[in-house]
Amino acid sequence: MKQDNRNREDPSLHRGGEPGDESFVPESFSADYRGTSSLPLRADAEQEAKVRHEAEEAEEMDKELDDFLPEGESLPEEEFLTKWSRDLENDEEEPVDSHASLEEAEEGMAVAKTALRQRRPQGRRWYGLLVGSLVLLLALTGVGFLAWMAGSSLHARLTDDSQLRAYDDFLTPVVMLDPEPFASPDKAPNTFVQEASLWKAILDDGGSRYTQYDDNGRVIIPLGDVASACVALFGPDRNLSPGTPSEESFYTYDEQDNSYHVALFSSDSMVTPYTEKSYSEDGKTILRVGYVSPTDEWRTGSVSSGSPATPTPTKYMEYVLAENPDTGASYIYAVRPVEE
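All values derive from a computational prediction rather than experimental measurement.

Trainee: Tell me about the packing of helix H5 (residues 162-175) against helix H7 (residues 223-234), residues and numbers included.
Mentor: Where H5 contacts H7, the axes come no closer than 11 Å and their chain directions differ by 110°. On the basis of their axis angle, the class for H5 and H7 is roughly perpendicular. Taken as a pair, H5 and H7 cross one another with a handedness that is left-handed. Side by side, H5 and H7 meet where Phe170, Pro173 and Val174 of the first sit next to Ala232, Leu233 and Phe234 of the second. A per-class count over the contact of H5 with H7 returns 6 nonpolar, no polar and no charged.

Okay, here's the thing in structure tokens:
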């Protein structure tokens, strides 16, 4: 019969044996690792996990700011947190057997939070300064562009003489005849009005629309065209009185077919207008018009690089323009000398 030795106890476990004996086991030894010293370790581990969790949250917050930083740069507090995290990892390798390590961890966490509070506003101020500078630069650029546009527009308006040159084209059939002053359209001489109207009908399209000639080679211009030109030049209240002039002239009037027979010739040998300025007076437009002779360098095209780009008129006259109430177009109401 076999003896049951499971309940038998080794006396050496109670006596402890001799110190030199291999079977010696200290009486205070325990194989249970969950003894009293494990409680501080568990608390410290929980605390360290909490610290790491807060550090991870801080790192996530920093990543949001890192998106606005140039590539390769980071916030200053990241270096501190990284170093502190390494210290924690190194501390994990060492046994924690006292409450001093817990206090050190709490102190480190407090220092990290303080550093974050102190550093983050500086990072935000730096970011805000960068954005503010960019906005200010864009605003200054926009203001400069608007100022340039306004200056260019003002300069173009001040130097634009297209309207004055349009007056030149309108006044040419009248100025080329160098009329005497008159105070109203009905005061203008009939011969002058008829000749000016003929020239306007011819110059409007360069005479290209008139292709009929009489036996003497003179171009035939219908009375209706000349009458319309008269209204355009001198207004609706001035009536054209067609007829052949008493003195020899470049045209005659044929009463049978109500047409003018005109011997065309170049107008280059006649004076041309150059309107220098315009202003309003009593609801009318006053033009200061210079008379440019055919020999003026401005007309002949022989102006050198050092010569003025404007003509030198031989004399000046004022032309008074009124508005046709039916069409809204301007017409010559009067011609008067310039008051010096």
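Trainee: Please give an account of the nonpolar core that cites residues and values.
Mentor: With 40 residues, the main nonpolar core has Phe234, Val262, Tyr319 and Ile332 as its most contacted residues. When residues of this core are assigned to their parent elements, the largest contribution, 7 residues, is made by helix H6 (residues 190-203). Look past the residues within four positions of Val262 in its chain and what remains in contact with it is Leu198, Ile202, Arg218, Val219, Ile221, Phe250 and Tyr251.

Trainee: Explain the pattern of salt bridges to me, and be specific about the residues and the numbers.
Mentor: Using the criterion set out here, one finds 7 salt bridges in the structure. Among the ionic pairs, Asp178 bridges to Lys315, the shortest N-O distance being 2.9 Å. Taken as a pair, Asp178 in the loop between H5 and H6 and Lys315 in strand E6 (residues 315-323) lie far apart in primary sequence, 137 residues in all. Residue Asp204 pairs with Lys200 through a salt bridge whose shortest N-O separation is 3.4 Å. Salt bridges here are not isolated pairs; linked through shared partners, they connect Glu281, Glu318 and Arg336.

Trainee: Provide a residue-level description of the sheet that holds strand E4 (residues 272-281), including the pertinent values.
Mentor: Read across the sheet, 4 strands follow the order E4-E5-E6-E7 without closing on themselves; strand pairing throughout is antiparallel. Looking at strand neighbours, the two that pair on one side only are E4 and strand E7 (330-337), the edges of this open sheet. Ignoring which end each strand starts from, the neighbouring axes of this sheet average 30° apart. Helix-sheet contacts for H5 involve E4, strand E5 (284-292), E6 and E7, and the interaxial angle to E4 is about 115°.

Trainee: Which residues make up the sheet that holds strand E3 (residues 259-262), and what values do they have?
Mentor: Read across the open sheet, the 3 strands follow the order E1-E3-E2; overall the sheet is antiparallel. The open sheet has two edge strands, strand E1 (219-222) and strand E2 (251-254), and neither has a second partner. On average, adjacent strands in this sheet sit at an angle of 25° to one another, irrespective of strand direction. Here E2 runs beside E3; their pairing, made up of 4 bridges, is antiparallel. Bridged to Thr252 within E3 is His261. This element, H7, spans E1, E2 and E3 of the sheet and lies at about 60° to E1.

Trainee: Account for the packing of aromatic side chains, naming residues and giving values.
Mentor: Scanning the model with the defined rule gives 7 aromatic pairs in all. Consider the rings of Phe250 and Tyr251, whose centres lie 5.1 Å apart with planes at 70°: the pair is edge-to-face. There is no split in this pair, since Phe250 and Tyr251 are both buried. Between the NZ or CZ atom of Arg288 and the centre of the ring of Tyr316, over which it lies, the distance is 4.2 Å. A cation sits over an aromatic face here: Lys315 above Tyr291, 5.0 Å from the ring centre.

Trainee: Residue-level account of the environment of Trp298, with values.
Mentor: Along the polypeptide, Trp298 turns up in helix H8 (residues 297-300). Considered as a pair, Trp298 and Pro311 are 13 residues apart in the sequence and their alpha carbons are 5.1 Å apart.

Trainee: Explain unusual backbone geometry to me, and be specific about the residues and the numbers.
Mentor: Although it is not a glycine, Asn258 sits at a positive phi angle of roughly 50°. Relative to the assigned elements, Asn258 resides in the loop between E2 and E3.

Conventions used here
- Residues numbered from 1 in each chain as written.
- Predicted model: local features only at pLDDT ≥ 70, side-chain atom pairs only at ≥ 80, totals over all residues.
- Heavy atoms only, no water.
- Axes fitted to C-alpha atoms, helices over the stretch in contact; angles between N-to-C directions.
- Helix = DSSP H or I, 4+ residues; strand = E, 2+ residues; numbered from the N terminus.
- Parallel < 35°, antiparallel > 145°, perpendicular 65-115°, else oblique.
- Left-handed = near helix turned anticlockwise from the far one by under 90°.
- Contact = heavy atoms within 4.5 Å.
- Nonpolar A, V, L, I, M, F, W, Y, C, P; charged D, E, K, R; others polar.
- Core = buried A, V, L, I, M, F, W, Y, C linked by side-chain atoms within 4.5 Å.
- Buried < 20%, exposed > 50% of the residue type's maximum accessible area, 1.4 Å probe, protein only.
- Salt bridge = Lys/Arg side-chain N within 4 Å of Asp/Glu carboxyl O.
- Pairing = 2+ DSSP bridges.
- Phe/Tyr/Trp six-rings, centres within 6.5 Å; stacked < 30°, edge-to-face > 60°.
- Lys NZ or Arg CZ within 6 Å of the ring centre and 35° of its normal.

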